Amino acid sequence: MSEQPLFKVTIDNITIEVPAGTTILEAARKIGGEVAPPTMCYYSKLKGSGGKCRTCLVEVSKGSEKDPRPMPKLVASCRTTIMDGMEVKNITSPKVLDARAGVVEFLLLNHPLDCPICDQAGECHLQDLSYEHGKEKTRYEFQKRVFHKVDLGDKIQLHMTRCILCYRCVFTADQLTTNREHGILDRGDHSQIATFIQKNLQNDFIGNVIDVCPVGALTDKTFRFKNRVWFTKPVDAHRDCDKCCGEVQLWMRGDEVYRVTARKDEWGEVKESSKGSTGWICNECRFDKKKVSDWIIEGPSNINRHSVISQGHYVGLKKPNETLSKVMQGRDPKLLMNIHEVSEVNKENIQLSLLERPAHSNDFNQ
Amino acid sequence: MAVKLLLEKAHIEGIRSYEVYRREGGYRSVEKALKTMSPENIVDEVKKSGLRGRGGAGFPAGMKWSFIAKPEGVPRHLVCNADESEPGTFKDRYLMENIPHLLIEGLIVSSFALGSNDTYIYIRGEYAWIVDILETAINEAKANGFVGNNILGTGFNCNIHVQRGAGAYICGEETALIESLEGKRGNPRLKPPFPAVKGLWERPTVVNNVETLSAIVPIINMGGEEYAKIGVGRSTGTKLISACGNINQPGVYEIDMTISVEEFIYSDEYCGGIANGKRLKACIPGGSSVPILPANLLLKTAKGETRYMNYESLSDGGFATGSMMGSGGFIVLDEDQCIVKNTLTLARFYRHESCGQCSPCREGTGWMEKILHNIEYGKGKISDIDLLWDIQSKIEGNTICPLGDAAAWPVAAAIRHFRDEFAWHVNHPDESQKRNFGLAHYADPIYVPVTA
Ligand SMILES: Cc1cc2nc3c(=O)[nH]c(=O)nc-3n(C[C@H](O)[C@H](O)[C@H](O)COP(=O)(O)O)c2cc1C
Ligand code: SF4
Ligand code: SF4
Ligand code: FES
């Protein structure tokens, strides 16, 4: 195979080289941290995904070395490939931040915000997105749209009211299963995810739609309302499975397995299995193997620090890439402050990250 | 009397039939093109003609044709966009109903130029009876050797297939049209890749409007250079305008793009003035997606010059004080029309027609409709006007396909030019339910500063 040429791309003042054909998003993810745009619909393992939610919009301020003209509109970074010498602005572009805040507002317009009773809370990408990029208040004063809950078979529930129409589950169902039974009905703001005349989805791999759903629209009925995700601890485990890779995450509390999911990477996507293929798991592993004895435990999973799941989980914590100072080209970020200087509570000599357990008010009385 | 190239023969008795059409000189361009010209020659003539796409965007047709990829061994396709669903636009319907062979003739020449052996007409589902007209015309042309295999003994094969849509405006967007033609849900595709590289069944494809493809006939007959002499500047040839609204003579007119907007509205040859002796208040000159203009900015540009019925002049002033030629759907509003209501009607249309793929368009169009509904029915707030402005600005430019822009522009233009009418609705919730704002100052002459 011939060597793929390397292209130089600068994103938020940080320059890297990536193989030709890489998307802006994948390049930004290589840099990591804040420079990686948020994504709600793109899923690297699903062919054709992306381009729809518009949260990953970025500004291309220089098209390429050959044609330096900027692109006239913001582009979806997940579906735009880089050119040699391209310059991209993500968090350094006020236009992008403004458009993104708009997209977050649009996505939340009809979302019920029923996080307190939603199983996805704590691992919901829409929650993270609104927390990080949204405004504190909505300007929408109308009734939200509501759908009835639908059971897709006895293991999966579809709560369409929470759906953001990212199409990920449609691609999953299309690409992992053989029948086209899961798709979209109607159009516009009245479109909905549906199965072919309320068909029970029977395919061995259909459970993966739960893992790709960024919100709580598709949930695992064997887990519903049993626990909050942040009280459970993810543990990597595997078993010999003749259908799938058998490499999973067990969500445990004490010795009890509450839930089984595929393993996810720091972007919330299903990871590759040790054999190199995408680590989708079968329904049997997901729904029927809920005993510790079913599994060979490998150890606690690595957890991204910005996840709420990290609040009860101190082992294998991964710090996200620190990129802000590079984005600011060495200058200190202007708006950030030293919390120790302004906080009466958070004393400088107390390093919260070094505590072996959740912080307690006593810790601050020292 | 203005030049007519497309509709000149449209009213001859029996012109729908092959015999009459042929007798009147029909299919000459096929003979000329297939027997005496190469595909490259034809593309050159179309380039020279300056013909711009008549579907809405006005992209030069010859240039579009020259972009089509020609990979070895991969079939190419020409697709005729007859989805015509833009409110206010009904010119393609008129052309296909009255003189269907003109389109078929244009399709064969264009298919030859592009190397398309299977050419499709994607027609809006509601035009069911026109499907029959077209299929009859295709069969007649086939029986006479102008469609099918080995056309005129030249070895060129071209079959024309008519496919009905199922009632979605979005399927007029070229990539949604292609998806629909493939039998899928009509969601627009992300570009790139462009259809010229990967279109129908991933093959190089050109999508053109009915009127664009019909105009190929006179271009081949008279030559590109002659065609380019008609009209003005980069608005060459003739354009079909479908005029409707509060005018005396609604209908489809062929114009040569040199006449002024004022002449078009008031002369007896065209719209024949505003109906019932009313005064002109506003106009949407190019189909529902283009910005609405108040009477004063419609007839004269912001510089005080006469505004003409052509691409450049209609867009003079950009979006601040101009509009667009669009698809040629000319909608006239008299002094009794309410701009808020008109904007609500359009917003409802776009909300209903959004495919729902991208969040700004899916959610934003519904939100705008709800706010406009409140304002129209006396329940609005003054802050709603700025909110509408902000919502449209967050949709525009941030979506997959231009439907998002098309939904945003009418709202933006209505607020830009008619903000006081919106405010009046809010401030007079009861009165606004009983009467309209009226003409107000919208026809007053515009002050043009004199610069030395
Ligand atoms: C929402 C939407 C609807 C459209 N509807 C039509 C249509 O009904 N007919 C048409 O010719 N073009 C329509 N277009 C424009 C087409 O995408 C395309 O630009 C056109 O068919 C190209 O033909 P032309 O170059 O001959 O104008 C539409 C575009 C959009 C975004
Ligand atoms: S159900 Fe979930 S995965 Fe499917 S489209 Fe909705 S949000 Fe996306
Ligand atoms: S802009 Fe609207 S119609 Fe176009 S792809 Fe997006 S949701 Fe669909
Ligand atoms: S992640 Fe790129 S548009 Fe949704």
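Here the structure is a predicted model, which is why all the values come from computation and not from measurement.

Draft legend 1. Quick look at the site of ligand 3. For ligand 3, the set of nearby residues contains 13 residues, the closest of which are B:Cys355, B:Gln357, B:Cys358, B:Cys361 and B:Cys401. Tallied by class, residues from the shell around ligand 3 come to 8 nonpolar, 5 polar and no charged.

Draft legend 2. Inspection of the domain arrangement of chain B at higher detail. Residues and elements named next belong to chain B. Each domain of chain B was delimited in the assignment, giving domain 1 (18-229), domain 2 (235-332) and domain 3 (339-434). If you average the C-alpha positions of domain 1 and of domain 3, the two centres end up 35 Å apart. Listed by partner, the interface residues are 14 residues for domain 1 and 9 residues for domain 3. Across the interface of domain 1 and domain 3, roughly 900 Å² is buried in total on both sides, 68% from carbon and sulfur atoms. Among the residues of domain 1 in contact with domain 3, Tyr 169, Ile 170 and Pro 188 are the three that bury the most area, contributing 50% of the side total. Between domain 1 and domain 3 we count 0 salt bridges in total.

Draft legend 3. Structural view of the site of ligand 2. By nearness alone, every residue bordering ligand 2 is listed as A:Cys163, A:Ile164, A:Leu165, A:Cys166, A:Tyr167, A:Cys169, A:Ile193, A:Cys213, A:Pro214, A:Val215, A:Ala217 and A:Leu218. Here the residues of the shell around ligand 2 are counted per class, giving 12 nonpolar, no polar and no charged.

Draft legend 4. Quick look at the sheet that holds strand β13 (residues 256-262) of chain A. Residues and elements named next belong to chain A. With respect to topology, 4 strands assemble into an open sheet ordered β13-β12-β11-β14, the strand pairing being antiparallel. For this open sheet the edge positions go to β13 and β14 (296-300), each flanked by a neighbour on one side alone. This sheet shows a mean twist of 35° between the axes of neighbouring strands, independent of strand direction. Across 6 bridges, strand β12 (residues 247-253) lies against β13 in antiparallel orientation. Bridging across to β13, Arg 253 finds its partner in Glu 256.

Draft legend 5. Seen up close, unusual backbone geometry. The omega torsion of the bond from B:Lys191 to B:Pro192 falls at -5°, within 30 degrees of zero and hence cis. Looking at where B:Pro192 falls in the secondary structure, it is placed in the loop between α8 (174-181) and β5 (205-209). A positive phi angle, close to 45°, is found at A:Asp12, a residue other than glycine. Structurally, A:Asp12 can be placed in the loop between β1 (6-11) and β2 (14-19). In this model, B:Leu152 sits at a positive phi of 50°, which is unusual for a non-glycine residue. Relative to the helices and strands, B:Leu152 resides in the loop between β3 (148-151) and β4 (156-164). Of the residues examined, B:Leu152 reaches a relative accessible area of 25% and is grouped as partly exposed.

Thresholds applied
- Residues numbered from 1 in each chain as written.
- Chains lettered and ligands numbered in written order.
- Predicted model: local features only at pLDDT ≥ 70, side-chain atom pairs only at ≥ 80, totals over all residues.
- Heavy atoms only, no water.
- Near = heavy atom within 4 Å.
- Nonpolar A, V, L, I, M, F, W, Y, C, P; charged D, E, K, R; others polar.
- Domains from an automatic or database assignment.
- Contact = heavy atoms within 4.5 Å.
- Buried area = accessible area lost by both parts, 1.4 Å probe.
- Salt bridge = Lys/Arg side-chain N within 4 Å of Asp/Glu carboxyl O.
- Pairing = 2+ DSSP bridges.
- Helix = DSSP H or I, 4+ residues; strand = E, 2+ residues; numbered from the N terminus.
- Axes fitted to C-alpha atoms, helices over the stretch in contact; angles between N-to-C directions.
- Buried < 20%, exposed > 50% of the residue type's maximum accessible area, 1.4 Å probe, protein only.

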